[in-house]
Amino acid sequence: MSRPEAPVEPVEPIIPVEPDPAVKVPLAIEEWLAVILLATLALITFANVLVRYFTDQSFAWTEEISVFLLIVLTMAGGSVAFVRNHHIRIEILADSGSPRRQRIMALIANGCVLAFFVLLTVLSVKLVADEYIYEETSPAIGVPTWWYSIWLPVMAAAISLRTLGIIRRLLQSAGKP
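What comes next is a walk through the structure. Bear in mind that the values here come from a model prediction, so they are computed numbers and not experimental data.

1. So, the nonpolar core
Within the largest apolar cluster, 21 residues are counted, with the highest numbers of intra-cluster contacts made by Leu69, Met75, Phe82 and Phe117. Contributions of two or more residues to this core are made by helix H1 (28–55), helix H2 (61–83), helix H4 (99–133) and helix H6 (151–172). If you tally residues by element for this core, the top one is H2, at eight residues. Those residues in contact with Met75 that sit more than four places away from it in its chain are Phe117, Leu120, Leu152, Met155, Ala156 and Ile159.

Next comes the structure, spelled out in structure tokens:
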């Protein structure tokens, strides 16, 4: 004899999923970039493990490429984290108090983030220019190092623009209840 099945109640997720904020440039760009970089990193590392296992040699370039991929992956993930408000912050300060206080704290925090990434963009542009002018090459492959470094100012500028968007949305919501 079979028992009658009890109706299954929907289960709420442990961590509530919030919708993404309305952004002009879709977050899918950074998300897909992160997916492609992580997959490439995994394939390169796996290939190096196989070569090392079967030949007792390793690809000299894998560490150099892996560091580059990890930097760009971190910057892409950071960009998405800032927009979704999942970045590291002191929640007792950021999430307590009235909505007006929370908005002010968010403006201060995002202002600091914006200042940091604008400065990082400017300084990394100077770094890339120096690497280009002095024709620095990478130790393992011998390619120009600015090929790797050029992505730092690009990604820092992207995070700066994303942070500007956050600040704009915060300022627009200031008049709303």
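2. Focus: H6
Helix length check: H6 (22 residues) gives 31 Å between terminal C-alpha atoms against 32 Å at 1.5 Å per residue, within 8%. Every buried residue belonging to H6 is among Pro153, Met155, Ala156, Ile159, Ser160, Arg162, Thr163, Gly165, Ile166, Ile167 and Leu170, and all of these are buried. Along its buried surface, H6 packs onto H1, H2, H4 and helix H5 (146–149).

3. A look at the pattern of salt bridges
Scanning the entire structure with this criterion turns up three salt bridges. The salt bridge involving Glu30 is made with Arg162; its shortest N-O contact spans 2.8 Å. Within this pair, whereas Glu30 is found in helix H1, its partner Arg162 is found in helix H6, the two being separated by 132 residues in sequence. The pair formed by Glu30 and Arg162 is uniform in burial state, with each residue classed as buried. Here the salt bridges do not stand alone but share partners, grouping Asp20, Glu31 and Arg84 into one network.

4. Some points on the packing of H2 against H6
With their axes 9 Å apart at the nearest point, H2 and H6 run at an angle of 5° to one another. Classified by the angle their axes make, H2 and H6 are roughly parallel. Contacts between H2 and H6 involve Phe68, Val72, Met75, Ala76, Gly78, Ser79, Phe82 and Val83 from the former and Trp151, Leu152, Met155, Ala156, Ile159, Arg162, Ile166 and Arg169 from the latter. Looking at the contact of H2 with H6 residue by residue, the classes come out as 12 nonpolar, two polar and two charged.

5. Section: unusual backbone geometry
In this structure, Asp56 takes a positive phi of about 60° despite not being glycine. Structurally, the position occupied by Asp56 is in the loop between H1 and H2. The exposed category is assigned to Asp56, whose relative accessible area is 69%. The phi dihedral of Asn85 falls on the positive side, at around 60°, and the residue is not glycine.

Reading the values: the criteria
- Residues numbered from 1 in each chain as written.
- Predicted model: local features only at pLDDT ≥ 70, side-chain atom pairs only at ≥ 80, totals over all residues.
- Heavy atoms only, no water.
- Core = buried A, V, L, I, M, F, W, Y, C linked by side-chain atoms within 4.5 Å.
- Buried < 20%, exposed > 50% of the residue type's maximum accessible area, 1.4 Å probe, protein only.
- Helix = DSSP H or I, 4+ residues; strand = E, 2+ residues; numbered from the N terminus.
- Contact = heavy atoms within 4.5 Å.
- Expected span 1.5 Å × (residues − 1).
- Salt bridge = Lys/Arg side-chain N within 4 Å of Asp/Glu carboxyl O.
- Axes fitted to C-alpha atoms, helices over the stretch in contact; angles between N-to-C directions.
- Parallel < 35°, antiparallel > 145°, perpendicular 65-115°, else oblique.
- Nonpolar A, V, L, I, M, F, W, Y, C, P; charged D, E, K, R; others polar.

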